Amino acid sequence: MTNVIYTCPDCGGDLTMTVLLTYPVIDSATCKSCGADFRKHEETKRIPLPDSFERYEPEPANPYQQPVEREIDRHPISVISNSLSSVEVKLDG
Ligand SMILES: [Zn+2]
């Protein structure tokens, strides 16, 4: 593989390639030596999305969905005694 460094048409210095994050993006080249700035102007085409893309429709959130079973749910407990200050329980599982 070959690395490419573009050179300035004005002075021959190395160019720094930058992509300007506009919409659409603009390719930019700036000369490190003389400061010349070049912008690549390309025509923008609008084309339909290829068939390899499928519409993504997430499942709607279900507010009535049962909660995920918790560890404590697998070990039912029996209340042996109950008072205002404490609860005594027995693990059944
Ligand atoms: Zn230059």
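In what follows, the accompanying structure is described. (Residues numbered from 1 in each chain as written. Predicted model: local features only at pLDDT ≥ 70, side-chain atom pairs only at ≥ 80, totals over all residues. Heavy atoms only, no water.)

**Structural notes on the overall build of the protein**
(1) Moving on: Scanning the protein from terminus to terminus reveals 0 helices and 5 strands.
(2) Moving on: Taken from N to C terminus, the helices and strands of the protein fall in the order β-β-β-β-β.
(3) Moving on: Taken across its 93 residues, the protein has 8% of its residues classed as buried.
(4) Moving on: The contacts in the protein between residues at least 6 apart in sequence include a share of 9% that link residues at least 24 apart.
(5) Moving on: For the protein, the computed accessible surface area is about 9200 Å², with 54% contributed by carbon and sulfur atoms. (Helix = DSSP H or I, 4+ residues; strand = E, 2+ residues; numbered from the N terminus. Buried < 20%, exposed > 50% of the residue type's maximum accessible area, 1.4 Å probe, protein only. Contact = heavy atoms within 4.5 Å. Areas by Shrake-Rupley, 256 points an atom, 1.4 Å probe, with all protein chains shown as cover.)

**Considerations on the pattern of salt bridges**
(1) Moving on: Counting across every chain of the model gives 2 salt bridges.
(2) Moving on: Across the salt bridge formed by Lys40 and Glu42, the nearest N and O atoms sit 3.5 Å from each other.
(3) Moving on: What makes Lys40 partly exposed here is its relative accessible area of 47%. (Salt bridge = Lys/Arg side-chain N within 4 Å of Asp/Glu carboxyl O.)

**What about the sheet that holds strand S1 (residues 15–20)?**
(1) Moving on: Ordered in space as S1-S2-S3, the 3 strands form an open sheet in which the pairing is antiparallel. With one partner strand each, in any of the chains shown, S1 and strand S3 (37–39) form the two edges of the open sheet. For this sheet, the mean angle separating the axes of adjacent strands, direction not counted, is 20 degrees.
(2) Moving on: Of the pairings in the sheet, the one linking strand S2 (residues 26–31) to S3 comprises 3 bridges and is antiparallel in character. Paired with Ser28 across the strands is Arg39, a residue of S3. (Pairing = 2+ DSSP bridges. Axes fitted to C-alpha atoms, helices over the stretch in contact; angles between N-to-C directions.)

**A closer look at the nonpolar core**
Burial of nonpolar side chains together is a common tendency in soluble globular proteins.
(1) Moving on: Counting 5 residues, the largest nonpolar core is built from Cys8, Leu15, Ala29, Cys31 and Ala36.
(2) Moving on: Beyond its immediate stretch of four places on either side in the chain, Ala36 contacts Cys8, Asp10, Ala29, Thr30 and Cys31. (Core = buried A, V, L, I, M, F, W, Y, C linked by side-chain atoms within 4.5 Å.)

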